[in-house]
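Chain and residue survey
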Amino acid sequence: MTTLLISQSNGAAHRTPQGHAERQERIEAAQKALSHPRFSTIQRETAAPGDLELAELVHSPAVMDIIRQVRPAEGIGQIDPDTFVSERSLEASATALGGVLRGIEAVVMGQADNAFLLSRPPGHHAERDRSMGFCLVNTIAIAARQAQRLFGAERVAIIDFDVHHGNGTQNIFESDPSVFYASSHQMPLYPGTGAPHETGVGNVVNTALKAGTGGDEMRMAYKERILPALDNFAPDLILVSAGFDAERRDPLAQLEWVGSDYAWLTGKLMDIAARRCSNRIVSMLEGGYDLGGLASGVSAHVGMLLTGEAGPDSQID
Ligand SMILES: [Zn+2]
């Protein structure tokens, strides 16, 4: 596979308070993992800023208005108990958006088979009308809409394996049959949505995993529900909300996934992408708050995207 790794050079522009789980060190840990010789053949680019006016494709104007109102001239402002905006946060957000749009362009133009974007802040909790849960704008939702408008992808699938339910992405697309949204997440857990009976207009699949469960339960959920539904949707493009907070070491959740689970899951998505959409997968970082767990998950996920094979630490069936 030809894999494009897109990195954001200004992630540090988005600052959160001391001790906040969502911090720039996450990007540095993942970046270090991806500097291993195993990734020597990956194509590397630095993200350029995208146009945050595109946020209006999926958000009401109030979302950007509130971010701008709360954003201080200096320091860090607070949108909700978890969600912060610093003076230059929107620069980081714009670059995250530019990065994922570049990934989509690259796979649609055939410059790469798949792409991974390393960026922050995350986005999947941001709903149509509000920022929340560390997320200012819903980057992957904006990207899905832009993929339809600009890049001719009529049917876009978003697979969200972050340990938290992507309430924002579901909220934005739950009545739109041209976008498929599937999430696996720990439940009960923040934000509380994502029960299996939440199915949108038949375009949403939610699988709830119990605290303490590991890769076996995850694999069964994907084999039985998410993968058949994704295949049946026949996407033109697969986007991935790649959070690594289901990893066993993560401090914000209690699932027990390991690197080989991320490799397995990525391989299964690649099988469907090969059959349905000329391999086109664009994945972007969401959560993942233990630096070692994040590095392990990112290595397994991107290693599989690049080589089609699980890495040295990974067992795959
Ligand atoms: Zn998460």
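Check the entry above for the structure.
Now for a look at the structure at hand. For clarity, every value in this text was computed on a predicted model and none was experimentally measured.

**Some points on the overall build of the chain**
A count of helical and extended segments in the chain gives eight helices and ten strands. Over its C-alpha trace the chain gives a radius of gyration of 17 Å, about what one expects of a compact globule, namely 20 Å for 317 residues. For the C-alpha atoms alone, the extent of the chain along its principal axes is close to 50 × 45 × 40 Å. For the chain, with 317 residues in total, the buried portion stands at 61%. When contacts within the chain are restricted to residue pairs at least 6 apart in sequence, long-range pairs at least 24 apart make up 76% of them. Across the chain, 26 positive and 39 negative side-chain charges occur, with their mean positions spaced 3 Å apart.

**Some words on the coordination of the zinc ion**
Coordination of the zinc ion by the protein involves Asp162 (OD), Asp162 (OD), His164 (ND1) and Asp245 (OD), with metal-donor separations of 2.0 to 2.8 Å. Around the zinc ion sit four donor atoms, and with donor-metal-donor angles ranging over 52 to 154° the site reads as irregular. One chain supplies every donor for the zinc ion, spaced along it as D-x1-H-x80-D. Taken together, the positions of Asp162 in the loop between β6 (156-160) and α5 (167-173) and Asp245 in the loop between β9 (237-242) and α7 (259-276) put the pair 83 residues apart, joining distant regions of the chain. Each member of the pair, Asp162 as well as Asp245, carries the same accessibility label: buried.

**Things to note about the packing of helix α6 (residues 215-233) against α7**
Two elements in contact, α6 and α7, have axes whose closest approach is 11 Å; the angle formed by their N-to-C orientations is 15°. On the basis of their axis angle, the class for α6 and α7 is roughly parallel. Crossing handedness for the pair α6 and α7: right-handed. Along its contact with α6, which presents Gly215, Met218, Arg219, Tyr222, Lys223, Leu227, Leu230, Asp231 and Asn232, the element α7 presents Ser260, Asp261, Trp264, Leu265, Lys268, Leu269, Ile272, Arg275 and Arg276. Of the residues in the contact of α6 with α7, the class split is eight nonpolar, three polar and seven charged.

**Digging into the packing of aromatic side chains**
If you walk through the whole model with that rule in mind, you get six aromatic pairs. Centroid distance Phe134 to Tyr289: 5.6 Å. Interplanar angle 85°. Geometry classified as edge-to-face. Here the residue Phe134 occupies a position in the loop between β5 (114-118) and α4 (139-150), and Tyr289 occupies one in the loop between β10 (281-285) and α8 (291-307), the gap between them amounting to 155 residues. What makes Phe134 buried here is its relative accessible area of 16%.

**Re the nonpolar core**
With 50 residues, the main nonpolar core has Phe116, Ile159, Phe161, Tyr222, Ile238, Phe244 and Trp257 as its most contacted residues. It is α7 that provides the largest number of residues to this core, a total of eight residues. Residues in contact with Phe161, not counting those within four places in the same chain, are Ser184, Tyr222, Val240, Ser241, Ala242, Gly243, Phe244, Trp257, Tyr262, Leu265 and His301. Counting 43 residues, the second-largest nonpolar core is a separate cluster that includes Met64, Leu97, Ile104 and Ala112.

**Regarding the pairing of strand β8 (residues 204-209)**
Taking burial as the measure, the six residues of β8 include five buried ones, the bulk of the element. As judged from the six bridges shared by strand β7 (residues 179-186) and β8, these two strands associate in the parallel manner. When the bridges of β8 are listed, His185 appears paired with Ala208.

**Quick word on the sheet that holds strand β2 (residues 43-46)**
Spatially, the eight strands line up as an open sheet ordered β2-β1-β5-β10-β9-β6-β7-β8, and their pairing is parallel. Of all the strands in the sheet, the pair left with one neighbour each is β2 and β8. The average angle at which neighbouring strand axes cross in this sheet is 15°, direction not considered. The strands touched by α6 are β6, β7, β8 and β9; relative to β8, the strand with the most contacts, the crossing angle is about 180°.

**A closer look at the pattern of salt bridges**
Applying the stated criterion across every chain yields a total of twelve salt bridges. A salt bridge links Glu22 to Arg26; its shortest N-O distance comes to 2.8 Å. One exposure class covers both Glu22 and Arg26, and it is buried. A salt bridge links Glu22 to Arg120; its shortest N-O distance comes to 2.7 Å. Residue Glu22 is found in the loop between β1 (3-7) and α1 (25-33), and its partner Arg120 is found in the loop between β5 and α4; the two are separated by 98 residues along the sequence. No difference in accessibility class separates Glu22 from Arg120, as the two residues are buried.

**Topic: the packing of α7 against α8**
What describes two packed helices is the angle between their axes and the distance between those same axes. At a closest axis distance of 8 Å, the pairing of α7 and α8 adopts a crossing angle of 30°. Comparing their axes, α8 and α7 come out roughly parallel. By crossing handedness, the relation of α7 to α8 is classed as right-handed. The segment α7 lies against α8, with Gly259, Tyr262, Ala263, Thr266, Gly267 and Met270 engaging Ser296, Gly297, Ala300, His301, Met304 and Leu305. Split into classes, the residues belonging to the contact of α7 with α8 amount to six nonpolar, six polar and no charged.

Thresholds, definitions, all that
- Residues numbered from 1 in each chain as written.
- Predicted model: local features only at pLDDT ≥ 70, side-chain atom pairs only at ≥ 80, totals over all residues.
- Heavy atoms only, no water.
- Helix = DSSP H or I, 4+ residues; strand = E, 2+ residues; numbered from the N terminus.
- Rg over C-alpha atoms; globule rule 2.2 N^0.38 Å.
- Buried < 20%, exposed > 50% of the residue type's maximum accessible area, 1.4 Å probe, protein only.
- Contact = heavy atoms within 4.5 Å.
- Lys, Arg positive; Asp, Glu negative; His and termini not counted.
- Charge placed at Lys NZ, Arg CZ, Asp CG, Glu CD.
- Donors = N, O, S within 2.8 Å, 3.2 Å for Na, K, Ca; no water.
- Tetrahedral: all angles 85-135°; square planar, octahedral: opposite > 155°, others 65-115°.
- Axes fitted to C-alpha atoms, helices over the stretch in contact; angles between N-to-C directions.
- Parallel < 35°, antiparallel > 145°, perpendicular 65-115°, else oblique.
- Left-handed = near helix turned anticlockwise from the far one by under 90°.
- Nonpolar A, V, L, I, M, F, W, Y, C, P; charged D, E, K, R; others polar.
- Phe/Tyr/Trp six-rings, centres within 6.5 Å; stacked < 30°, edge-to-face > 60°.
- Core = buried A, V, L, I, M, F, W, Y, C linked by side-chain atoms within 4.5 Å.
- Pairing = 2+ DSSP bridges.
- Salt bridge = Lys/Arg side-chain N within 4 Å of Asp/Glu carboxyl O.

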